[in-house]
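# Inside the fold
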Amino acid sequence: MWRNRAAFRLLNIKLVPGAPQQLENRGFKMMASSATATASNIDSNTRGQSTAAAKSLNVKELRQASTAPPSFNIAKMTELLDHDNHEMRKQFREFLSSDDLFIPRYNVSLADEREAALQKLQRICDAKFISVLDFKNNPLRIFAAHELSGIIDGAMATKMTVQFNLFGGTVLKLGTKRHHDKLLAGIDTLEDIGCFGLTELGYGNNAIEMETTATYDKSTQEFIINTPTTLAQKYWITNGAIHAKHIVVFAQLYVDGKHYGIHGVLVRIRDDNMKVMPGVRVEDMGYKIGLNGVDNAKLFFDNVRVPRENLLNRYSDVAEDGSFTTSIESNRKRFLTVADQLLSGRICIASMSQGGSKTALTIALRYAATRLTVGPKGQSDTPILNYQLQQRALLPLLATTYAINFGLDYVKDRWAFQNEDGSEHQEVVTMCCAIKTLAGWNLHDVASTARERCGGQGFLACNGLGIAIASAHASMTAEGDNCVLMQKVAQERLMAFTTLPVDDGKKEDLSDVTYLHNLLKKRENTMFMTLGMKLMAAGKDGRFDTWMYKESDLVQGAARAYGERLVSERFAETISAADASCQDILQQIYHLYLLTVMERNLGWFVTSGTMSVDTGAKVNAAAADACRVIAPQTLNLCEAFAITDSMLSAPIARDWVEYNVRDNQGEVI
C-alpha cells in the first residue's frame, strides 16, 4: 500500500484517510501499478517498516484493543436476546461448534452441496434438537432451532423449515391420528422427508385460484390428483428434487361435481427406494442465485390415485359414500385454515433472518476492528471501525437488529400462547406478517452494507456475506412476498384501526426517546387515517383502483409505520424488564434505532408537519452522535449474540492474517 501511496504523491493526488485501502479493496489498481516503476525507490524505509508491522500484526490483540471493557453484563444480554430455551440454545451452539460437518465448503458441486445440507440437518435431527411435536410441547424451541441453524447454513435451515414447519406442522395440525401414527416419527428422524405443495407456476400470492384438482372417486374410495395445465404445476417445491418421499398437495376438492375449495392431500412421490412413483413427474429446478443446498423441484400429477384416508381431515372429511362434512363454513375460510402453517413459517423465516443479520454484523464489525488503514499521522495504524463512515453504515443496523429481536420475541409469544378461542388470531396474523418483512428487509440491508464495508474481503465466498445476501433475497420472497404481505398488514390493520393515544404537546427533543416514539404513533395514525379517507372517497367501485393503482406508497408506508411502532413499543418494554446492568446500553441502542427510523423517513416527518424543519435538520447529527456513544461497546454487543468462532467460520471474523499465510484456495477447512 505504501508503494502506491508514494505513487499518488508523485502524481500530486491528495489522499483522504482510508483511500489506499478502499482503492485496493475495490480493485482500482491501474493508476498505482502504472506508477510502480517511478515509485519503486521512494519511501523504502517506510515500506520496510510497514511490511514488518504487517508480519507482526496480531489480529486477536487488535480486536481486544478495539474493545472497551463491557459496560454491561454480556451473559445477561445474551439471556435477554435469546429469550427462551436457554439451555437448549447453549447445547445447540456447543453442538454446532464441535463438528467439522458444519464448517462450510465452497468449491463443491450442486449434488455435493445438496447432500451436505441434508447431512447437516440429519445430524441435528439425530441429536434431537428439533421435533415436529415441539409445536405442541414447546413451540418456541422450533424458532430457536431456526435462528441458530440460519447462522450455520441457510440452505439447511430452509430444508428444516419445510420439513418441520410446512410439511410436518401441516400433517400435525391438519391431520388426525391416522396420519400422525404413520408419519410423525419419520418426520423427526428424516425417514419421511416431505414437501409443501401450495405454490403453482401461475399461482403464488393468489394461491386460492390454483388449478390442481383432487376429485373423489366413490367407486374406488380414492382421490384423483391431477395437474390440468402447465400453470398448475407445483413450483419451487423444497426437498422435492432429490430427498422427499411425500408431499402435501393443496388442491381444489371436488365430490360428485361439487366444488369444496382447497384441501390438503398426502401424496407419495417416491417409494422407499427413492424411485419416483407412477404418474408423478419431478423436474429439478437446478441452480439458483444462492442456497443451492436446497433441492427445489417442479411437480406434475397425471391422475395420481391416493386412498381416501390421505385427505388431511381435522376440519373437513369425505366419507366412503362421498358425503362431505366440515366445521368451517366457507371455501375461503377453509383455505385460510389449511394454509395457516404459513403463519408460523413466517416466524421461522424471521428467526432465520435474525440469525443471518447477527452473523453478518459480527463478521463485518470484527473485521473493522482489526483492519488498519491511514490514521492522522499518515500511517496504517487506525482500525476502520474508528471511522465515522464505518460506524454510520453499520451501527444503525446493529441497533435495528437488536430492536427487531425484541419485536420478534413478542410476536413469538403472542403466536405461541394466543387464546384458544381464536379471539387474538387476526391480530397475531398481522404481527407475523409485519415482523417477517422487517426482519427480511433488515437482513438485506445488513448483508449488502456489510459486504460493501468489508471491501474486497466481503466479496470472498469464505467470508460468508454472499450467503447472507442470498438468504435475504430468499427471505423477502418465501412464504409471502414482503411487499404483498405489507398490503395484508395494511388491510388488516385498517379494518381494526383505532387511533393511538399521542401527546400533541410533547416538546421536540431528539434526545428524548418518548418524544421519538410519540412521532412513530403520530405517523401511524396519520397514514392510516389518510388511507381510510381515500378509500372512503373512492367508494366501493373505486376501492381496488385506489388500493392497487393509486396509493401503493401510502399502503406500504402505513404498514411499515405499524411494524416499526410495534417494534419500538416492545423495545421500550424490554428495557424496563432487563437486567439493571444492561439498561443503559439498551437505552442508547433504542435511541439510535428511533433516530434511524427518523432518518429513513425524514422527508415524511418534516413535510407532514409531524416534525419541524429545524428539528429535522438536526436528526443526522443526533444519529451520528448516537453512533459515537455506542461505538466503544460494538464488539461487546456482538459478543452478546453468542456466536462462536466455529459457527462464524469467516476468516475476517477470526484471524485473517494467519488464514492468508497458506494457499487456502478460498476454503476454510
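Everything below is about the structure shown above.
First, a word on what this report is: a plain description of the structure on this page. This structure is a prediction, so every number in the text was calculated from the model and none was measured.

Our next topic: empty space enclosed by the protein. Tallied over the full model, the rule gives four cavities of 30 Å³ or more. Taken together, 13 residues make up the lining of the largest cavity; nearest its centre are Thr400, Ile404, Arg560, Glu564 and Arg600. Counting residues per element, the ones that place at least two in the lining of the largest cavity are α16 (388-416), α17 (425-453), α21 (552-577) and α22 (580-600). Per-class residue counts for the lining of the largest cavity are six nonpolar, three polar and four charged. When its volume is computed, the second largest cavity comes out at roughly 80 Å³. As for the second largest cavity, its lining consists of Leu174, His263, Gly264, Leu312, Arg314, Tyr315, Ser316, Ile328, Arg334 and Val338. Put simply, the parts of the chain that give the lining of the second largest cavity at least two residues each are β6 (258-268) and α14 (331-338). Across the lining of the second largest cavity, the residue classes tally to five nonpolar, three polar and two charged.

Enumeration over the complete set of coordinates arrives at 18 aromatic pairs. Among the aromatic residues, ring-to-ring pairing joins Tyr402, Phe406, Phe571, Tyr590 and Phe641 into one connected group. For the cation-ring pair, Arg281 lies above Phe300, with the distance from its terminal atom to the ring centre recorded as 3.7 Å. Here the guanidinium or amino end of Arg570 rests over the ring plane of Tyr410, the centre of that ring lying 3.9 Å away.

Turning our attention to α17. In this model α17 runs 42 Å from its N-terminal to its C-terminal C-alpha over 29 residues, within 8% of the 42 Å that 1.5 Å per residue would give. Of all 29 residues that make up α17, 21 are buried, and the element is covered over most of its length.

This part takes up the sheet that holds strand β8 (residues 297-301). Overall, antiparallel pairing links the three strands, which are arranged β4-β8-β7 in an open sheet. The sheet is open, and its two edges are formed by β4 (234-237) and β7 (280-284), each paired on a single side. For this sheet, the mean angle separating the axes of adjacent strands, direction not counted, is 25 degrees. In terms of strand pairing, β4 meets β8 through two bridges, oriented antiparallel. Its bridge partner lying in β8, Lys234 is registered against Leu299.

Scoring rules and cut-offs
- Residues numbered from 1 in each chain as written.
- Predicted model: local features only at pLDDT ≥ 70, side-chain atom pairs only at ≥ 80, totals over all residues.
- Heavy atoms only, no water.
- 1 Å grid on protein atoms, 1.4 Å probe; cavity = no way out; pocket = protein on both sides within 12 Å on 5 of 7 lines; lining within 4 Å.
- Points joined across faces, edges and corners; volume = space filled by probe spheres on them.
- Helix = DSSP H or I, 4+ residues; strand = E, 2+ residues; numbered from the N terminus.
- Nonpolar A, V, L, I, M, F, W, Y, C, P; charged D, E, K, R; others polar.
- Phe/Tyr/Trp six-rings, centres within 6.5 Å; stacked < 30°, edge-to-face > 60°.
- Lys NZ or Arg CZ within 6 Å of the ring centre and 35° of its normal.
- Expected span 1.5 Å × (residues − 1).
- Buried < 20%, exposed > 50% of the residue type's maximum accessible area, 1.4 Å probe, protein only.
- Pairing = 2+ DSSP bridges.
- Axes fitted to C-alpha atoms, helices over the stretch in contact; angles between N-to-C directions.

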